[in-house]
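Each chain, written out:
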Amino acid sequence: MNTNDTIDFFDELDNDEQTDKVLNAGKRPPRNTGKHPKKLSMSDRKFVHQQDDSRSNFKFTYKAARFEEWWLLDSLGSFYEHKWIADVLKRVKGGKEASVYQCQPGAEVDASFVAAKVYRPRSLRNLKNDAEYRVGRIDLGEDGNALVKKAEVHAIAKRTSYGEELRHQSWIAHEFKTMEALYMAGVDVPKPYAMEKNAILMEFVGDIGTAAPSLNSVALDLDEATALYERTVRNIDIMLTHNRIHGDLSAYNILYWEGDIKLIDFPQVVLPESNPSSWMIFQRDVTRVCQYFSTQGVACNAKELAADLWTSHGHKIFKEVDPKFLDPEKPEDRRAWEKQK
Ligand SMILES: Nc1ncnc2c1ncn2[C@@H]1O[C@H](COP(=O)(O)OP(=O)(O)O)[C@@H](O)[C@H]1O
Ligand SMILES: [Mg+2]
């Protein structure tokens, strides 16, 4: 889906009566009984008062379609309450899985702008097949801590609707926790500020009128290309030191701004030790990076570079796949198994 499709998607939902059902879910239709309205209890009054102070004041400059507005209020309301953001200014990009918005920060953030990455509602989102990436990864909850309760683990395994909800949150928590760890480790990533069950808040890369382009749309001269290539390799190297493989790295997920780069888009991050496909995923990341820098005139050998980085961190280059990860029902897995025997 491109940006226009996403806009159409939300517009379509906006005209759909289902949207009204979502919006009005839980609300009773007003009844004209002729009686005086019921007096508010103390606890109700407290609730209404709290709301007046916070979420209900959250109005934004960005003109969202109706469904999108509901979605943003729901996803970013808590950031507003905590004074992380004060306004949503514009949508930078609508994507398959998430849309990114330029926001004005609230009193708690010292920056000119912040970026909010808001994930599609789970049920509407074109969920990337996450099985490959989840192997060896612990699922994380809304608070970023590991999900350990039996009921939660069971729900995820059984793919109940509660389990799918948890899986969605775990995906987002992995992105945020990874950004935190990598930011601390000195990797070039936007500074992460906060996470909510459906959104991540981070440093905005760009300025008032422009969001940073991704590297794939930028033509560099050879000196700059060489410097940024080395910088990217250093980033990959630090990530390996901190036990992380990006998993979807390419010039599309590297932002370029004023001669600098920032790596983005981490929900599928992979742990080298625990994922049997890690070497393959790592090679793919390095190959894609090299593909871009080759087009900019940098001489790079993806195979050699990947192998050097990988083995320098003590990892083995797997030629074989552990049989426990092969599916006997699949002919290609069957062939791999036969070959290995
Ligand atoms: N921190 C940021 N500052 C500015 N723009 C951003 C930022 N993060 C993401 N974007 C923009 O949003 C797009 C989508 O973000 P990304 O994290 O790659 O999600 P997706 O899963 O949709 O690819 C990026 O290609 C970039 O244009
Ligand atoms: Mg991306």
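Above this note sits the structure.
Residues numbered from 1 in each chain as written. Chains lettered and ligands numbered in written order. Predicted model: local features only at pLDDT ≥ 70, side-chain atom pairs only at ≥ 80, totals over all residues. Heavy atoms only, no water.

Draft legend 1. Structural view of the environment of A181. Topologically, A181 is positioned in helix α7 (residues 161-184). Residues A181 and M239 lie 58 residues apart in sequence; the distance between their C-alpha atoms is 9.5 Å. (Helix = DSSP H or I, 4+ residues; strand = E, 2+ residues; numbered from the N terminus.)

Draft legend 2. Quick peek at the nonpolar core. Counting residues in hydrophobic clusters, the biggest one holds 53 residues, and the most contacted among them are L215, L220, Y229, L263, F282 and F293. Elements represented by at least two residues in this core include exactly β3 (114-119), α7, β5 (199-203), α8 (222-241), β6 (254-257), β7 (260-263), α9 (278-295) and α10 (302-312). Setting aside chain neighbours within four positions, we find F282 in contact with I236, L240, I245, A306, L309 and W310. Core analysis: the second largest hydrophobic core is formed by 21 residues, F58, C103, A194 and L201 among them. (Core = buried A, V, L, I, M, F, W, Y, C linked by side-chain atoms within 4.5 Å. Buried < 20%, exposed > 50% of the residue type's maximum accessible area, 1.4 Å probe, protein only. Contact = heavy atoms within 4.5 Å.)

Draft legend 3. Just the sheet that holds strand β2 (residues 98-105), in detail. Taken together, five strands build an open sheet; the order of strands is β1-β2-β3-β5-β4 and the sheet is antiparallel. Each edge of the open sheet carries a strand with a single partner, namely β1 (85-94) and β4 (192-196). With direction set aside, neighbouring strand axes in the sheet form an average angle of 25°. Where β4 and β5 come together, four bridges link them in antiparallel fashion. Along β5, the bridge assignment pairs P192 with M202. (Pairing = 2+ DSSP bridges. Axes fitted to C-alpha atoms, helices over the stretch in contact; angles between N-to-C directions.)

Draft legend 4. Focus on the packing of aromatic side chains. This structure, assessed with the given rule, holds 11 aromatic pairs. Taking 5.1 Å as the distance between ring centres and 45° as the angle between the ring planes, the aromatic pair formed by F67 and W70 counts as tilted. With F67 and W70 both in helix α4 (residues 66-81) and three residues apart, this pair spans about one turn of that helix. Taking the relative accessible area as the measure of exposure, F67 reaches 4% and is therefore buried. Between W84 and Y193, the aromatic rings sit 6.4 Å apart at their centres with planes inclined by 45°, giving tilted as the arrangement. (Phe/Tyr/Trp six-rings, centres within 6.5 Å; stacked < 30°, edge-to-face > 60°.)

Draft legend 5. Local environment of the site of ligand 1. As a structural note, the neighbourhood of ligand 1 is formed by 14 residues, with K117, E203, V205, N253 and D265 the closest of them. At a separation of 2.8 Å, an oxygen atom of ligand 1 approaches a polar side-chain atom of K117. The backbone of E203 places a nitrogen or oxygen atom 2.9 Å from a nitrogen atom of ligand 1. Computed on the free molecule, ligand 1 has an accessible area of 540 Å², of which 90% lies beneath the protein chains in the complex. Every element with two or more residues in the shell around ligand 1 is listed here: β2, β3 and β5. Grouping the constituent residues of the shell around ligand 1 by class yields nine nonpolar, one polar and four charged. (Near = heavy atom within 4 Å. Polar contact = N/O pair within 3.5 Å; in protein donor to acceptor, adjacent residues only side chain to side chain. Areas by Shrake-Rupley, 256 points an atom, 1.4 Å probe, with all protein chains shown as cover. Nonpolar A, V, L, I, M, F, W, Y, C, P; charged D, E, K, R; others polar.)

Everything listed here is a matter of coordinates, which is why it stays silent on function.
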